[in-house]
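Structure at a glance
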Amino acid sequence: VRAHARLREAGCTPFEVELTDLSSTGCRLVTFARLQVGTTIWINLPGLAPLEAIIKRIFGQDYGCEFLHPLHPAVAKHLQEQLR
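Since the structure is predicted, the reported quantities are computational estimates derived from the model, not experimental observations.

This part covers the nonpolar core. Formed by 22 residues in total, the largest nonpolar core has its most connected members in C27, L29, I43, L45, C65 and F67. At the level of elements, β1 (3-9), β2 (15-22), β3 (26-30), β4 (40-44), β5 (51-59), β6 (62-67) and α1 (73-82) are the ones that each hand at least two residues to this core.

Structure follows, in structure tokens:
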């Protein structure tokens, strides 16, 4: 997928990130912000309430995130098709 999303850390102002991958259990995003593994974040995706996630992996400016409450597979598939 290729889409813009909004990311927010607790107590911080939301900012825009680029979403590059999405599954029912998590996503990958690109940002120049400096986030830490284990940080809890909220991600706003089109048409959904903010999703709570945890940063699990960092590869330069790519961040792998795991949703605390996975998306229903049908919702994930719909978003993948919508955001291609």
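Anyway, onward from the coordinates.
This part is about the pairing of β5. Taken together, the 4 bridges between β4 and β5 define a ladder with antiparallel strand orientation. Looking at β5, one finds that W42 is bridged to E52. In sequence, β4 turns back onto β5 through a hairpin of 6 residues, with G47 there showing a positive phi of about 80°. Pairing between β5 and β6: 6 bridges, direction antiparallel. If you follow R57 over to β6, its bridge partner there is G64. If you look at the hairpin formed by β5 and β6, you'll find 2 residues sitting between the two strands, and G60 has a positive phi there, around 65°.

Inspection of every chain in the model, using the stated rule, returns 0 aromatic pairs. In this structure, R8 packs its charged tip against the face of W42, placed 4.7 Å from the ring centre.

Here the focus is the pairing of β3. Pairing of β2 with β3, which is carried by 4 bridges, proceeds in the antiparallel orientation. Paired with L19 across the two strands is L29, which belongs to β3. Once β2 ends, the chain turns through 3 residues before running back antiparallel as β3.

With that out of the way, let us pick up the sheet that holds β4. Taken together, 6 strands build a closed barrel; the order of strands is β1-β2-β3-β6-β5-β4 and the barrel is antiparallel. Taking the axes of each pair of neighbouring strands and ignoring which way they run, one obtains an average angle of 45° across the sheet.

For the rest of this paragraph, the subject is α1. Buried within α1 we find A76, L79 and Q80. One side of α1 holds all its buried residues, which, seen down the axis, span an arc of 100°. Buried-residue contacts for α1 involve β2.

Here is what the cut-offs are and how they apply
- Residues numbered from 1 in each chain as written.
- Predicted model: local features only at pLDDT ≥ 70, side-chain atom pairs only at ≥ 80, totals over all residues.
- Heavy atoms only, no water.
- Core = buried A, V, L, I, M, F, W, Y, C linked by side-chain atoms within 4.5 Å.
- Buried < 20%, exposed > 50% of the residue type's maximum accessible area, 1.4 Å probe, protein only.
- Helix = DSSP H or I, 4+ residues; strand = E, 2+ residues; numbered from the N terminus.
- Pairing = 2+ DSSP bridges.
- Phe/Tyr/Trp six-rings, centres within 6.5 Å; stacked < 30°, edge-to-face > 60°.
- Lys NZ or Arg CZ within 6 Å of the ring centre and 35° of its normal.
- Axes fitted to C-alpha atoms, helices over the stretch in contact; angles between N-to-C directions.
- Arc of directions from axis to C-beta.
- Contact = heavy atoms within 4.5 Å.

Treat this as a map of the structure, not an account of what it does.
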